[in-house]
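Single-letter residue listing:
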Amino acid sequence: MKKTSIGTARHLHPVGTPGDLCRWHNRAALATTVAAIARRHGLDASAGDEELAACAAEAKAAPLKAPLSADTLAAIRSALGSALGPGSAPAAVAEAVFGALPDRPIRLAAKDGQEFFLVPIPVTP
């Protein structure tokens, strides 16, 4: 398998971790950063690719070198989806969690309205 030493994942995974696993981890981390900025701008999962790219550029504090991939856009939109909360049906929670793997964060809303992201961190390839 191809190995990588990119971004966040290299600090959390052992040397020799497969590249796919590191890319999933980094995509999930990037998606939460971009989605948090998008939420502050009032955007949701229906935001256009250009709007999400602008949020990504803001997150990186620099223009993007390449367009966001379809996988990255899907991960960001997952994080911007409807929030799960304490009243969510168990089947809806299970579907959201297992449908998000391996790299799509899920938005959660606490009873007080504060929002969080549930972020999958891959452990095995």
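The structure this text deals with has already been given above.
J.: Hey, could you go over the overall build of the protein chain for me, with residue numbers and the actual values?
T.: The secondary structure content of the protein chain amounts to 5 helices and 2 strands. Each helix and strand of the protein chain, ordered N terminal to C terminal, gives the series α-α-α-α-α-β-β. For a compact globule of 125 residues, the expected C-alpha radius of gyration is about 14 Å, and the protein chain comes in at 15 Å, within 12% of that figure. C-alpha extents for the protein chain along the principal axes are approximately 40 × 35 × 25 Å. A total of 125 residues make up the protein chain; the buried ones form 30% of that total. Once local pairs closer than 6 in sequence are excluded, the contacts in the protein chain between residues at least 24 apart make up 50%.

J.: Got a sec to walk through the nonpolar core? Specific residues and values, please.
T.: The biggest cluster of nonpolar side chains holds 16 residues, and the ones touching the most others in it are Ala-38, Leu-52, Cys-55, Ile-76 and Leu-80. Elements with a minimum of two residues in this core: helix 2 (19–40), helix 3 (49–60) and helix 4 (70–79).

J.: Break down the packing of helix 2 against helix 4 for me, with residues and values.
T.: One can describe the packing of helix 2 onto helix 4 by two numbers: an axis separation of 8 Å at closest approach and a directional angle of 55°. By the angle between their directions, the pair helix 2 and helix 4 is classed as oblique. The handedness of the crossing between helix 2 and helix 4 is right-handed. Contacts between helix 2 and helix 4 involve Arg-27, Leu-30, Ala-31, Val-34 and Ala-35 on the former and, on the latter, Asp-71, Thr-72, Ala-75, Ile-76 and Ala-79.

J.: Give a detailed account of the packing of helix 2 against helix 3, specifying residues and quantitative values.
T.: It is at 9 Å that the axes of helix 2 and helix 3 come closest, and there the two elements cross at 105°. Put simply, helix 2 runs roughly perpendicular to helix 3. Seen from helix 2, the contacting residues are Leu-30, Thr-33, Val-34, Ile-37 and Ala-38; seen from helix 3, they are Leu-52, Cys-55, Ala-56, Glu-58, Ala-59 and Lys-60.

J.: Pulling in residues and values, what's your account of the pairing of strand 1 (residues 106–109)?
T.: Bridge count for strand 1 against strand 2 (residues 115–118) is 4 bridges, and the pairing is antiparallel. Counted as the bridge partner of Ala-109 is Glu-115 from strand 2. Taking the residues that link successive antiparallel strands as the turn, the strand 1-strand 2 hairpin has 5 residues, and the phi of Gly-113 there is positive, at about 90°.

What counts, and where the lines are drawn
- Residue positions are counted from 1 within each chain, in the order its sequence is given.
- Reporting in this predicted model follows two pLDDT cut-offs: at least 70 for local features of residues, and 80 or more for side-chain atom pairs to be given and counted; totals over whole chains, interfaces and linings ignore these cut-offs and use all residues.
- As a convention, hydrogens and water are excluded, and side-chain values are obtained from all of the structure's heavy atoms.
- Helix numbering and strand numbering both begin at the N terminus, where a helix is a DSSP run of H or I of at least 4 residues and a strand a DSSP run of E of at least 2.
- Two things to know: the radius of gyration comes from C-alpha atoms, and the globule rule equals 2.2 Å times the number of residues to the power 0.38.
- Whether a residue is buried, partly exposed or exposed follows from its accessible area with a 1.4 Å probe, protein chains only, as a fraction of its type maximum: under 20%, in between, or over 50%, in that order.
- Contacts are assigned to residue pairs that have any heavy atoms within 4.5 Å of one another.
- As used in this record, nonpolar core signifies buried Ala, Val, Leu, Ile, Met, Phe, Trp, Tyr and Cys residues forming a set joined through side-chain atoms within 4.5 Å.
- Only the stretch in contact is used when a helix axis is fitted, and all axes are lines through C-alpha atoms; the angle between N-to-C directions ranges over 0 to 180 degrees.
- Angles below 35 degrees are treated as roughly parallel, those above 145 as roughly antiparallel, those between 65 and 115 as roughly perpendicular, and all remaining angles as oblique.
- Two helices that cross are described as forming a left-handed crossing if the nearer one is turned anticlockwise from the farther one by less than a right angle, and a right-handed crossing if clockwise.
- Paired strands, as defined in this entry, are two strands with at least two bridges between them according to DSSP.

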